[in-house]
Amino acid sequence: MGNLQFPQSGNGLIDEGHEHLMVLLAEIGGHLRQPNGRPEAIALFSDFLNALRNHLGLEEVILRTNGYSQLNNHARRHTQLIDRVTEMVETLTYAPSVHPLEVLDRVSDLLIEHEMVEDSDIWPCLAKQDSLQPTTWGAEMETGIEQIDEHHKAMIEYMTRLHNMSDDAPLEDIAQVLNSLRSLAIVHFELEESLWTDQCGDQKANNAHAKAHVEILETLDEMTPRLQTGEIALSTFVDGFLTDWLINHILRVDQPHIALFNSGAAFSDEAAATLKNRKDKAAIQ
Ligand SMILES: [Fe+2]
Ligand SMILES: [Fe+2]
Ligand SMILES: [Fe+2]
Ligand SMILES: [Fe+2]
């Protein structure tokens, strides 16, 4: 793949992901050029597949929180890419006659095709991250449900703390804030998801929202150890992921969805009455 570089996306985490994938491919190539390097190359290919899954997963989180309209189509391309790369890597194990460097070339071509052609459509969406900054709580973030707003405020406070730490801050300090944020996020997601029940609401919107929560936690869990080993800088993590999750998720996913709940418009009469009851009880407490 020579010195090929992917275009700067405007999101530091995505750019680091590209670099990491390229480094892994170069290392695989190095092993494959050694006389007995095939087993090491196969092992590294599995690291490559994990890194690719994580990279594409992060991209989907960002696209979802930005309200990218073609997300489902794009996510399908990701699944196809992973399937094809997996298939090719498997031929290295099960078809010893296949020339390994040819496999490497084909995997590289698939990656380039996706990153430089199919992804060109999403670059404006990724670049939007630049305009996001950790921020203090603002009225524009209110959802109208006090408990949810309080959670959001606390999460933004944790994010601001991380934003104010330098990249060489003690790992224990970073871990402590991240753990608190994660614990709160779990409670918070459960609260939001408890707003809808099986029998009410716009099921499609409910499912998409719940999926966004799962993806956020998965991404957080995938990145935490990489932060701890110094593979990702704290500032890149905050700018490339946390701000996107907190600000964009609140503004673009939570608010419109919760507005539906507040109005009761998306519910059957019975479900709207249940919701009203719950809100009345919350107001009394
Ligand atoms: Fe990418
Ligand atoms: Fe993509
Ligand atoms: Fe939320
Ligand atoms: Fe949410």
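For every chain, the first residue of its written sequence is number 1, and the numbers climb from 1 along that sequence. Labels follow written order: the first chain is A, the first ligand is 1, and so on. In keeping with the predicted nature of the model, local features appear solely for residues at pLDDT of at least 70, side-chain atom pairs appear and are counted solely at 80 or more, and the whole-chain, interface and lining totals rest on all residues. Each side-chain value is worked out from all heavy atoms of the structure, with water and hydrogens disregarded.

Draft legend 1. Expanded view of the coordination of the iron ion (ligand 3). With water omitted from the atoms examined, metal sites may look incomplete; donors here are N, O and S atoms no farther than 2.8 Å from the metal, or 3.2 Å in the case of Na, K and Ca. Donor atoms from the polypeptide that coordinate the iron ion (ligand 3) comprise His152 (NE2), His188 (NE2), Glu192 (OE) and Asp254 (OD), at 2.0 to 2.2 Å from the metal. Tetrahedral means four donors with every angle between 85 and 135 degrees, whereas square planar (four donors) and octahedral (six donors) require angles over 155 degrees between opposite donors and between 65 and 115 for all others; sites fitting neither are termed irregular. Considering all four donor atoms around the iron ion (ligand 3), the spread of angles at the metal, 82 to 167°, places the coordination shape in the irregular class. Donor residues binding the iron ion (ligand 3) come from one chain and are separated in sequence as H-x35-H-x3-E-x61-D. A relative accessible area of 0% places histidine 188 in the buried class. Burial here depends on accessible area, computed with a 1.4 Å probe over protein chains only, as a share of the maximum for the residue type. Under 20% is buried, over 50% is exposed, and the range in between is partly exposed.

Draft legend 2. Local environment of the pattern of salt bridges. Salt bridges are counted wherever a side-chain nitrogen of Lys or Arg sits within 4 Å of a carboxyl oxygen of Asp or Glu. Tallied over the full model, the rule gives eight salt bridges. The shortest N-O distance in the salt bridge between arginine 64 and glutamate 215 comes to 3.0 Å. Here the residue arginine 64 occupies a position in helix H2 (residues 38–65), and glutamate 215 occupies one in helix H8 (residues 203–228), the gap between them amounting to 151 residues. Note on arginine 64: relative accessible area 15%, which makes it buried. Residues glutamate 150 and lysine 153 are paired through a salt bridge, measuring 3.4 Å at the closest nitrogen-oxygen approach. Of the two residues, glutamate 150 and lysine 153 are both situated in helix H6 (residues 146–164); the distance of three residues between them amounts to about one turn of the helix. Using a relative accessible area of 41% as the deciding quantity, one classes glutamate 150 as partly exposed. By relative accessible area, lysine 153 is classed as partly exposed at 32%. A network of salt bridges, in which partner residues are shared, links Arg64, Lys211 and Glu215. Only DSSP runs of H or I with at least four residues qualify as helices, and only runs of E with at least two residues qualify as strands; both kinds are numbered from the N terminus onward.

Draft legend 3. Layout of the packing of aromatic side chains. Note on aromatic contacts: the rings of Phe and Tyr and the six-membered ring of Trp form a pair at centre separations within 6.5 Å, being stacked when their planes are under 30 degrees apart, edge-to-face when over 60 apart, and tilted otherwise. Applying the stated criterion across every chain, the model contains four aromatic pairs. A centroid spacing of 6.3 Å and a plane angle of 85° characterise the contact between phenylalanine 45 and phenylalanine 48, whose relative ring orientation is edge-to-face. Residue phenylalanine 45 and its partner phenylalanine 48 are both found in helix H2; the two are separated by three residues, about one turn of the helix. Per residue, the accessibility class of phenylalanine 45 equals that of phenylalanine 48, and both read buried. Ring centres of phenylalanine 241 and tryptophan 245 lie 6.0 Å apart, and the angle between their planes is 35°; on these two criteria the pair is classed as tilted.

Draft legend 4. Representation of the coordination of the iron ion (ligand 2). Distances from the iron ion (ligand 2) to its protein donors, Glu59 (OE), His74 (NE2), His78 (NE2), His114 (NE2) and Asp119 (OD), fall within 1.9 to 2.2 Å. We note that the donor set of the iron ion (ligand 2) lies within a single chain, spaced as E-x14-H-x3-H-x35-H-x4-D. A separation of 5.6 Å is found between the iron ion (ligand 2) and the iron ion (ligand 1). Of the two residues, histidine 78 is situated in helix H3 (residues 71–94) and aspartate 119 in the loop between helix H4 (100–117) and helix H5 (123–127); the sequence distance between them amounts to 41 residues. Judged by its relative accessible area of 2%, histidine 78 is buried. Assessed through its relative accessible area of 2%, aspartate 119 is described here as buried.

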